[in-house]
Amino acid sequence: MELKICHLYPDVLNLYGDRGNVLAMKKRLEWRGIGCTVDEIPIGERLPLSKFDLIFIGGGQDFEQGLLLDDLRSGKGEDIRSAVEDGLTFLTVCGGYQLMGRYYETHTGEKLPFLGALDLYTVGGEERLIGNFAFETEYGPVVGFENHSGRTYLGEGVKPLGRVIRGRGNNGKDGTEGARYKNVFGTYSHGPVLPKNPEFCDTILLTALRRRYPSAELEPLADLSEREAHDSVLKSLTGE
Ligand code: GLN
């Protein structure tokens, strides 16, 4: 088995070490003897996304997100929408997550027309939503760090990734965090999120592997330190 990962826009969307998510996925595959290739696609370059199994898009500041608009209109936006509908797995973080929605109206009132691959939209606010946070998902609790002015609201056909345990999540109001649609995982969680959330990381890897290898399984790893890191952050946030 081999997993082909595309790291999209690493040149402009890579806040708070989000690249660490790609490293964590690659390592957790290699530790199991599963091959993993990573191709980076910056602004201005275009590869057929259908050759990949998993697309990663990290976070970015409003200004960088604006830089992407022409590139998306050049055809990459359609490539991404087609890949979503074809069942490719996506992990999208913060700015990369907002990018998958219909638009992002920044806190200065600039409206960025985004992909519309997921039925959601984002509106920037004056107060930034910042801090360590935790949310409950069907894969167990996930811990991370959020820093965003955008408040994201989910539409029809899009489920939340989880429900906030501590912190703000999508918008600080409705208790939701992130989004799930087909094989797309969207979250506000930086950190990077995957190294200290091994269950969440393996869920994403299995989702991507099983599209090409339906009977794929991932054997357990000796990842005690990752689990201890996860549990200590969760305890510091919940006191339990
Ligand atoms: N610029 C977006 C916001 O402020 C995304 C931030 C991020 O990716 N951390 O909401």
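Residues numbered from 1 in each chain as written. Predicted model: local features only at pLDDT ≥ 70, side-chain atom pairs only at ≥ 80, totals over all residues. Heavy atoms only, no water.

### Some details on the overall build of the protein chain
Defined as follows: Per the convention used, a helix needs a DSSP run of H or I reaching at least four residues, while a strand needs a run of E reaching at least two, with both numbered from the N terminus. Exposure is judged per residue with a 1.4 Å probe applied to protein chains only, and the accessible area is read against the type maximum: over 50% gives exposed, under 20% gives buried, and values in between give partly exposed. By definition, residues are in contact when any of their heavy atoms lie within 4.5 Å. Areas reported as accessible are Shrake-Rupley estimates using a 1.4 Å probe. Residue values count occlusion only from the protein chains shown.
The secondary structure content of the protein chain amounts to five helices and 12 strands. Each principal axis of the C-alpha atoms in the protein chain carries an extent, and together these give about 50 × 45 × 30 Å. Per-residue burial for the protein chain yields a buried fraction of 55% across its 240 residues. Relative to all contacts within the protein chain whose residues are 6 or more apart in sequence, the contacts with residues 24 or more apart total 69%. For the protein chain, the computed accessible surface area is about 10,100 Å², with 50% contributed by carbon and sulfur atoms.

### Let's talk about the site of the ligand
The test is simple: Nearness of a residue to a molecule or strand requires only that one of the residue's heavy atoms be within 4 Å of it. Identification of polar contacts relies on pairs of N or O atoms within 3.5 Å, with a donor-acceptor requirement for protein atoms, meaning one able to donate a hydrogen and the other able to accept it, and with residues adjacent in sequence counted only if both atoms are side-chain atoms. Ten residue types, Ala, Val, Leu, Ile, Met, Phe, Trp, Tyr, Cys and Pro, are classed as nonpolar, four, Asp, Glu, Lys and Arg, as charged, and the remainder, Gly among them, as polar.
Of all residues adjacent to the ligand, which total 16 residues, the nearest are Asp62, Gln65, Cys94, Gly150 and His190. Take Ser149: an N or O atom from its main chain is 3.1 Å from an oxygen atom of the ligand. Here an oxygen atom of the ligand sits 2.9 Å away from a polar atom, N or O, in the main chain of Gly150. In isolation the ligand exposes 300 Å². Once the protein is present, 99% of that is buried. Of all the secondary-structure elements, those providing two or more residues to the shell around the ligand are α2 (62-85), α3 (95-99) and β8 (140-154). In terms of residues, the shell around the ligand owes the most to one element, β8, which gives four residues. Of the residues that constitute the shell around the ligand, the class distribution is three nonpolar, 11 polar and two charged.

### Section: the pattern of salt bridges
Note that side chains of opposite charge can pair when their charged atoms are close. Spelled out, the test is: Any Lys or Arg side-chain nitrogen located within 4 Å of an Asp or Glu carboxyl oxygen qualifies as a salt bridge.
If you walk through the whole model with that rule in mind, you get 20 salt bridges. Asp223 is the partner of Arg28 in a salt bridge, and the nearest nitrogen-oxygen pair spans 2.8 Å. Residue Arg28 is located in helix α1 (residues 19-30), and its partner Asp223 is located in the loop between α4 (198-212) and α5 (224-238); the two are separated by 195 residues in the primary sequence. Between Arg102 and Asp119 there is a salt bridge; the shortest N-O distance is 3.2 Å. Placement of the pair is Arg102 in the loop between α3 and β5 (103-105) and Asp119 in the loop between β6 (111-113) and β7 (120-137), with a sequence separation of 17 residues. What makes Arg102 partly exposed here is its relative accessible area of 41%. What makes Asp119 partly exposed here is its relative accessible area of 27%.

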